[in-house]
Amino acid sequence: MECCKTASSPSQYFNTSSLRSPARRLIVNADDFGRSHSINQAVLRAHRDGILTTASLMVNGAAAAEAIELARANPRLGVGLHLSLVCGSSALAPREIPGLVDGAGNFSNNPVLAGIRYFFQGSLRPQLEREIEAQFGKFRATGLPLDHLNGHLHFHLHPVVFRILMEHARERSITHFRLTRDCFRLNLRLASGRLFYRASHALVFGLLAPRARSALRPLGIKHTAAVFGLLQDARVDEDYLSRLMPRLPPGDSELYSHPSLDEFKHEFAALISPRVRSLVQEQGVELIRYRDL
């Protein structure tokens, strides 16, 4: 499986510690920004007091309005769109996308079933197009620059969803994109347990990523060479980060997690850990945003 290749692209740095370009640069992202007050506060604190550089906004989240205000007050935080087409609520009314949501406007909580339906039921494509455009519209209305694009449970790489995104990439100002894949061989050295989960996700996204990469290149859409967090599944804790930093591959990488002050306190604690912050400095890792690629 192809992974951990070096990416090369000039940039301006987010946290410059020297005048020369470092060998390794890292985007540290929080998914689900706007989903809850707890997540929003964890994002804010991890950005101000820790290593967090970007966050992905759920525009339909219950606490999206608060997240937007926090982002406006912290302009160095790169904010992207966390496209949500499963396990969440819609931007459009249920009557406009009846094949995607229930009467309360909620998407399916079964991502496997939803993914199969989106792929095989061609009649759902127009509804997906409308909902995707509505979420981009809500993000544009915030006035925030679009730092990057990704998807809840990585549905931005679903073949049908990805095709819709690429068809309108320029109009939607998609310039930076999470190309989700996690190096399985490296992960085996960093973590243990849940081997089937880790192997299956490495395989699935190892198949999806190369196809997506070939479409991103001619459009000039930038991505990192590696993405970490996929195979951890809410286990991006201090020990994992402490093992990752010395082994971070050359080039540009993204690390994503789901920090909160309640459900995933350990992921929040990892991002503000003095031990992790010291390792970032000791290892010469440059912290950047997607817009710095």
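Our subject is the structure that appears above.
Right, let's walk through the structure included here. (Residues numbered from 1 in each chain as written. Predicted model: local features only at pLDDT ≥ 70, side-chain atom pairs only at ≥ 80, totals over all residues. Heavy atoms only, no water.)

### A short note on the overall build of the chain
(1) Moving on: A count of helices and strands for the chain gives 10 helices and seven strands.
(2) Moving on: Over its C-alpha atoms the chain spans a radius of gyration of 18 Å, differing by no more than 12% from the 19 Å that the globule rule assigns to 293 residues.
(3) Moving on: Of the roughly 12,600 Å² of accessible surface on the chain, 55% is carried by carbon and sulfur atoms.
(4) Moving on: Charge centroids of the chain, computed over 36 positive and 27 negative side chains, lie 5 Å from each other. (Helix = DSSP H or I, 4+ residues; strand = E, 2+ residues; numbered from the N terminus. Rg over C-alpha atoms; globule rule 2.2 N^0.38 Å. Areas by Shrake-Rupley, 256 points an atom, 1.4 Å probe, with all protein chains shown as cover. Lys, Arg positive; Asp, Glu negative; His and termini not counted. Charge placed at Lys NZ, Arg CZ, Asp CG, Glu CD.)

### Points about the nonpolar core
(1) Moving on: Counting residues in hydrophobic clusters, the biggest one holds 83 residues, and the most contacted among them are Phe33, Ile51, Tyr118, Leu165, Phe177, Leu241 and Leu255.
(2) Moving on: Of the residues forming this core, the biggest block, six residues, is contributed by helix 5 (residues 159–167).
(3) Moving on: Each residue touching Phe177, except ones within four places of it in the same chain, is listed here: Leu149, His156, Leu157, Phe162, Leu165, Met166, Leu216, Ile221, Lys222, His223 and Tyr290. (Core = buried A, V, L, I, M, F, W, Y, C linked by side-chain atoms within 4.5 Å. Buried < 20%, exposed > 50% of the residue type's maximum accessible area, 1.4 Å probe, protein only. Contact = heavy atoms within 4.5 Å.)

### Here's the deal with the packing of helix 4 (residues 125–142) against helix 5
(1) Moving on: Viewed as axis vectors pointing N to C, helix 4 and helix 5 meet at an angle of 55°, and their least axial separation amounts to 10 Å. For the element pair helix 4 / helix 5, the angle class is oblique. Taken as a pair, helix 4 and helix 5 cross one another with a handedness that is right-handed. For the pair formed by helix 4 and helix 5, the contact residues are Arg125, Leu128, Glu129, Ile132 and Phe136 on the first element and Val160, Val161, Arg163, Ile164, Leu165 and Glu167 on the second. (Axes fitted to C-alpha atoms, helices over the stretch in contact; angles between N-to-C directions. Parallel < 35°, antiparallel > 145°, perpendicular 65-115°, else oblique. Left-handed = near helix turned anticlockwise from the far one by under 90°.)

### Re helix 9 (residues 265–272)
An α-helical turn contains 3.6 residues, so a residue and the one three or four places further along point in the same direction.
(1) Moving on: Turning to helix 9, its buried residues number three or more, namely Glu267, Phe268, Ala270 and Leu271. Buried positions in helix 9, seen along its axis, are confined to an arc of 160° and lie on one side of it. (Arc of directions from axis to C-beta.)

### Focus: the side chain of Thr142
(1) Moving on: Here Thr142 is to be found in helix 4.
(2) Moving on: Given the relative accessible area of 7%, Thr142 is considered buried.
(3) Moving on: Thr142 has contacts with Ile68 and Arg72, leaving out every residue within four places of it along the chain.

### Quick look at the pattern of salt bridges
Note on pairing: side chains with opposite charge can pair once their charged atoms come close.
(1) Moving on: Tallying each qualifying case throughout the model produces 14 salt bridges.
(2) Moving on: A salt bridge links Asp32 to Arg35, with the nearest nitrogen and oxygen atoms 3.4 Å apart.
(3) Moving on: Of the residues examined, Arg35 reaches a relative accessible area of 37% and is grouped as partly exposed.
(4) Moving on: Residue Glu238 is joined to Arg275 by a salt bridge in which the shortest nitrogen-to-oxygen separation is 3.9 Å. You can see Glu238 sitting in helix 8 (residues 238–247) and its partner Arg275 sitting in helix 10 (residues 274–282), a full 37 residues away along the chain. (Salt bridge = Lys/Arg side-chain N within 4 Å of Asp/Glu carboxyl O.)

### Observations concerning the side chain of His82
(1) Moving on: Mapped onto the fold, His82 is located in strand 3 (residues 78–83).
(2) Moving on: Among all residues touching His82, those that are not within four sequence positions of it are Asp31, Asp32, Ser56, Leu57, Met58, Gln135, Asn150, Gly151 and His152.

### Notes on the environment of Ile164
(1) Moving on: Summarising the element assignment, Ile164 is placed in helix 5.
(2) Moving on: Taking relative accessible area as the criterion, Ile164 reaches 0% and is therefore assigned buried.
(3) Moving on: Between the C-alpha atoms of Ile164 and Glu133, which are 31 residues apart in sequence, the distance is 9.7 Å.
(4) Moving on: When sequence neighbours within four positions are dropped, the list of residues in contact with Ile164 reads Arg125, Leu128, Glu129, Ile132 and Arg172.

### Concerning the packing of aromatic side chains
(1) Moving on: One pass over the full model with this rule turns up three aromatic pairs.
(2) Moving on: Here Tyr118 and Phe155 contribute two aromatic rings whose centre-to-centre distance is 6.0 Å and whose plane-to-plane angle is 85°, an arrangement assigned as edge-to-face. Of the two residues, Tyr118 sits in helix 3 (residues 111–120) while Phe155 sits in the loop between strand 4 (149–151) and helix 5, which places them 37 residues apart along the sequence.
(3) Moving on: Classification of Phe155 as buried rests on a relative accessible area of 8%.
(4) Moving on: Taking NZ or CZ as reference, Arg178 lies 4.2 Å from the ring centre of Tyr256, over its face. (Phe/Tyr/Trp six-rings, centres within 6.5 Å; stacked < 30°, edge-to-face > 60°. Lys NZ or Arg CZ within 6 Å of the ring centre and 35° of its normal.)

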